[in-house]
Structure formats: structure tokens, C-alpha cells
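What the coordinates show
Spelled out, the chains give:
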Amino acid sequence: MGDIMRFLSPNLIKVNMQAESRDEAVRELAELLFQERVLKDKERYIQDVLEREAQVSTDLENGVALPHGKSETVLRPAVAIGTSARGIRFSGEGTSSRVIFLIAMPDQADDTHITLLSGITSRLLDNACLERIKGAAEPEEILAALTEEKAGAARGGTGKFLIGVTGCTVGVAHTYLAAKALEKAARELGAEIKVETNGSIGTENVPTREEIERAEGIIIASDKETDMERFRGKRVVNTNVKEGIDHPEELIRMVLDGKAPLYGKGQAEPAKERRSPVAEKGTAQAASGGKMLYKALMNGVSFMIPFVVIGGLLIAISLAVGGEPTPQGLVIPEGSFWNQISAVGSAGFTMMIPILAGYIAYAIGDRAALAPGMIGGWIANNGSFYGADAGTGFIGAIAAGLLVGYFVRWMKQFNWPEVIRPLVPIMIIPITGSLFIAFIFIFIIGAPIASLMTALYSMLESMSAGSMILLGIVIGLMQGFDMGGPFGKVAFMFSVGLIAEGQPQFMGAQAMAIPVAPLGMALATFLDKKHQLFLPEETANGKAALAMGLVGISEGAIPFAAGDPLAVIPANMIGSAVACTMAFLFGITDSVAHGGPIVLILGAVNKPLMGLICMAAGTVVTAMVCMTLKRLKLKNSR
């Protein structure tokens, strides 16, 4: 245990804290971290910890609280420890916490740091150690209790083998505490257990197929998405990570006593949504349809982001370095090096929509839904399947993913005959799901989409002789609605067609609206200093969106819109309409079929300064509207 001393210090321990509330306790211990130069911004760190605490309280039933959270302001990993004789309530329910461990973890913590920290916190499962900490009068007594080794006692072996799965949203403390709790409880009950941990350093200790076959049952104590298909036919207890820490013995007994439900054996609802009796309290909301929908969307977005970044940045670099302005747009010469790089980027863009749909479906229907979800996303984004000039973009992908996910979820409830059950997840459900979503898009959704695109094009033609302000609003709204999807493509084709007829002002107006969505999202993530409104991966993606926006790739905003459509899409539409309308009023023209600041640099725009003002205005409006809507949503959720 000598290595853990790098995280501990008498100066980071406060006996008999003065705090009387959760927020005061976090602040009191954060002050110790700040004084020891663990933090560069105390207030920011406190805010990050309290945001994490607002998601799920970190208090445990043994009188311990583990507030924590990764933060950019943490200079090195450390633990501040406090004790309170009167106890401090960290949530509306449960007991007061008399021992508080405030964990400071950098955003880029390595595997060693997290493993050692898990070793420190796991000592809290030892009742004797915990009692010594509660009764300590000096910091040195707490250090001694944490660093002294103690062998655990075990009952006689039963020969039973179990598998556990643990994971929490941050992946620092609770993941490993739950694993240690399950191991300790299994040892005391005379059973053997192998626990898979899904922490911030990745998935560790994954059970083999042979081990799964040998296991009496599975205990899943996780707040993360878990691959359930591998456990088909096994007894499964599925609950949250806190239950794994607070009631590990009850969870294990449910399996050993044969009370855990069999997963995939025709039960009325998938085992994924079942909760153990000890977990029923306070988990109804977590299993609600709204929670599942949001979780599915974010699952798809998280897998899509790398494809957007790879595709967008490679195309952006290729256009910026190797592109040449022509009446048909920025063109990279055939056979050139940059043409090949652009082709790689295009592959990433081609795959991002099927990936989004596939992993939305996977989050709802597990592995059997992945292939039909991706196929549905491909069909949705390829208008040739249903006679349209353009696909449905990311909006169609979301629809395909949700339809496939819930269809597969429904199919898995059937009590399939034993003889064909092995084929159900790998052949029957994927094929049926693929045909289902293909039928939906080709024969039900496809024709209305094709007709809508034709009607939109005709509408723009009829409006072209009327008010430029009204036309600017309409084109801007269409461009901002789906960021390269069918609405934006209709407006783009309309504007491009008028360049050849000597009316480049239409392309000039749309060119100013094209980069607004990605630039607006990039600005919003930059202005979100407290990281309240955007997820960490969205903040990182904001930098990629900036690069894409500069070269007129509106798809850079798609991950943001897919993750929170009700806030992002209206903001994009309003900002794009502002930029487009201003461009019409200023008489801006564009002689190439492209948009973004890059066309100003290439000399394709007649008034580059005014064009820059238009794009800047739209970007600011988009960022402000988006942040306002997100703040309202955050306020209403509290």
C-alpha cells in the first residue's frame, strides 16, 4: 500500500469538519486540495463535483460519501478526507455520512492512478477500518487505518462460480468499489466470482465464453450500457452500481437461491429492465422511456463522433490545401494526393449516419439490433432506395435506430422454440429487423420524402421573384434544420442552379448560412466555461466543428443536434436564417457552389467583409439561442 501515499497526506485530512451540508462539505475539503496545490481553480472544481453529485448521489449506506468528478482544473490526483461527528446528509434519503472522501482526478488520469485510487476507497468496505476512521482524533490515525493491510476471512467454499459486471458514469470510484464489494461478499458466502469493471480506463477482466457457460448467474451492478446478449439463458440480476456497493450479499444470494430471472427465456420484459428487490426504490425513473431514449441517442452520438471528426477534418484539410474554385464549387483535381485524402474523409462521412442509427438501435435492442440498425441508417441516407434526390440525413438515422431498436426489443420477448433459439440473435432477428426497416423506408416513408423534396424545390422557385427577406428566412431555416440533409440539399441545389442563370446572390446568401451551425456549436462549447451544458465529448468535438465550419462543412454540427435536437436544431435554424437574410440585404454574391469563410479567402464572394459579418452574426445568434435553451432545460430538470 506504499504507492497510495502519493494521493494521501495529513494536510488533506480534516477531523471533525465544520460543514453541515453537502455543498459546505465539498467546499471545506476542496479548500484543503487547493492549499496543497492539487487544484488550479477551486470554484470550477467544486462546480464539477456538485454537477456529478446532482446526477446520482455518492453517499453509501455505511455512512460514507464519495463525492468525485474528473476536472480540467485538477493538477494531480489526490484524495481529501473528512470526518463529521454529527454526520452530513448528501441526499434526501439514506443515512448521514460521517466519512467523506473527496476525490480529485484529472481529465487525463492514467490507469495506474485510477487503480491505486480504487485501492484506497476499497478499504471503506472493511468495517473495522471504517470504524477506526470514524473514531480517529488525528489525521495520522486515518492514514494508518487506510494503509495497513488486512487479510479477509472466507467461509468454506461452495464450488459456485459467479460473474459480476460493474460500471459508473465517471468510472473512478464506484466502479471499483462495487467490484470489491461483490468480491468480498462472494468470498464470505464461499463462492468464487469474476468481476468485469467498466471504468474510465476501459473494460477489464472480461469473462470468457467458457466462464459465462460455467457461471451460476450474473450480477450486473452498472450505470453503463452492458452487452446483455452474451448472458442469454443465464440467471441475471440487473441493478445500479450503488446497489452493488450497498447490498452485494443480497444480490449474490438472489443468484445462488435461484430467484434471479433467466435472461432471454420469454419473460414478460427483458431482464435488462428488471431490478432486484433491493434496487426497486428510486430506480423507476432510471428505467423510464425518456431515460432510455436519451441514453440511446447519446450512445449513437458517442460512436458517431469519431467518424464525423475523421471525415470532416480530412475533407476540410483537402479543400483548404488542394481545392480550386470552379462554378461547380471547390474542386480537388482528380488523381491528386489531396483528392485521395478527401476520399478517405468521404468514407468517414458516408459511414457516420449508419453508425448513428446502428448504435441507437444497439442501446435499445442489444447486439441483435446493431446490423439492422446500420442497414436502416444506410437506406435512410440513400435516397435512391425510395426515388428521392437526397437521403433523410441524421434525422432519418435517428428514426431508423429507434424503430429497429424497439422492434428487436419486441421480438426478443417471444418464447422461441429451443431448437432455433441459438439462431435468433445472429440470424432470425437481424434479418427480420433489416427487412422491417427497409420496408418502412422504401414503401411507407420514401414516397412522401421524395414528394416533399419536389414540393420544397417548387416552393423556392415560386418565391424567387418575391421578397428577398422572406426567401432568406426560408433558405436559412432549411439549411439550419438538418445540416446537409434533404432540406439543406434542396436549398443548395436551388441556389447552385441559379449561378448558371446569372443570379449568384442566392448562393451568396446560402453560403453565409452554411457554416453557421458548426461555428455556432463551437462557440457555444467555448462559452460554456462551467461545462454545465455540454458533455465532455461534445466540448472536444466543438474544436473539430470549428475546423469544419471554417471550410463550409455544416455536418460538423450533426453530433450536437442528434444528442439534443430540441435545443440545437432551433438554434441552428434561427442563426442560419439571420446570416442568410443579412446576406440578401447586403447584396452578397458567391460564384462557386460552396460556403463558409473559405470562399471569402478564395475571392468567390463580392463583399468578403460583409460576408464575414453575416456569418459572425449568425454564429453568435446560434450559440446564444442554444445556450439559453439548454439552460432552461437544465433548470427545469432540477
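Starting afresh in each chain, residues are numbered from 1 along the sequence in its written order. Selection of residues for local features in this predicted model requires a pLDDT of at least 70, selection of side-chain atom pairs for listing and counting requires 80 or more, and totals for whole chains, interfaces and linings are taken over all residues. Computation of side-chain values covers all heavy atoms of the structure but excludes hydrogens and water.

Section: the overall build of the protein chain
Helix and strand assignments come from DSSP, with helices taken as H or I runs of at least 4 residues and strands as E runs of at least 2, each series counted from the N terminus. What the protein chain contains, in helices and strands, is 23 helices and 12 strands. The proportion of buried residues among the 638 residues of the protein chain is 55%. Taking all contacts inside the protein chain whose residues are at least 6 apart in sequence as the whole, residues at least 24 apart take part in 72%. In the form shown here, the protein chain has an accessible surface area of approximately 26,100 Å², with 59% of it arising from carbon and sulfur atoms. Working definition: with a 1.4 Å probe on protein chains only, accessible area under 20% of the residue-type maximum means buried, over 50% means exposed, and in between means partly exposed. The contact rule is simple, with two residues in contact once any of their heavy atoms fall within 4.5 Å. Working definition of accessibility: Shrake-Rupley area with a 1.4 Å probe, residue cover restricted to the visible protein chains.

As for the nonpolar core
What is meant by a nonpolar core is a set of buried Ala, Val, Leu, Ile, Met, Phe, Trp, Tyr and Cys residues, joined one to another through side-chain atoms within 4.5 Å. Grouped together as the largest cluster of nonpolar side chains are 100 residues, with contacts concentrated most on Leu 356, Phe 394, Ile 398, Leu 460, Ile 475 and Met 512. Take this core: its biggest share by element is 11 residues, from helix H14 (residues 424-463). Ile 13, Ile 81, Leu 124 and Cys 168 belong to the second-largest nonpolar core, a separate cluster that totals 27 residues.

Here's the deal with the pattern of salt bridges
Whenever Lys or Arg places a side-chain nitrogen within 4 Å of a carboxyl oxygen from Asp or Glu, that contact is recorded as a salt bridge. All told, the structure shown has 15 salt bridges when counted by the stated rule. We note a salt bridge from Glu 28 to Lys 14, for which the minimum N-O separation is 2.7 Å. Here Lys 14 lies in strand E1 (residues 13-14) and Glu 28 lies in helix H1 (residues 22-35), a separation of 14 residues in the sequence. Given a relative accessible area of 17%, Glu 28 falls into the buried group. With a closest N to O distance of 3.2 Å, Asp 366 and Lys 412 form a salt bridge. A residue pair is termed long-range when its members are at least 10 positions apart, and Asp 366 in the loop between helix H11 (337-365) and helix H12 (370-380) and Lys 412 in the loop between helix H13 (393-411) and H14 qualify at 46 residues. Accessibility classification places Asp 366 together with Lys 412 in one group, the buried group.

A word on the environment of Ile 88
Relative to the helices and strands, Ile 88 is located in strand E4 (residues 78-88). On the basis of relative accessibility, which here comes to 0%, the residue Ile 88 falls in the buried class. Residues Ile 88 and Ala 19, 69 residues apart in the sequence, show an inter-C-alpha distance of 7.6 Å. With residues up to four places along the chain from it excluded, the contact list for Ile 88 reads Ala 19, Glu 20, Ser 21, Arg 22, Ala 25, Ser 96, Ser 97 and Ile 100.

Brief notes about H1
Helix span is expected to be 1.5 Å times the residue number reduced by one. Compared with an ideal rise of 1.5 Å per residue, which puts 14 residues at 20 Å, H1 spans 20 Å between its outermost C-alpha atoms and is within 8% of the ideal. Buried within H1 we find Ala 25, Val 26, Glu 28, Leu 29, Ala 30, Leu 32 and Leu 33. Remark: Arg 37 follows H1 within two positions and exhibits a positive phi of approximately 60°.

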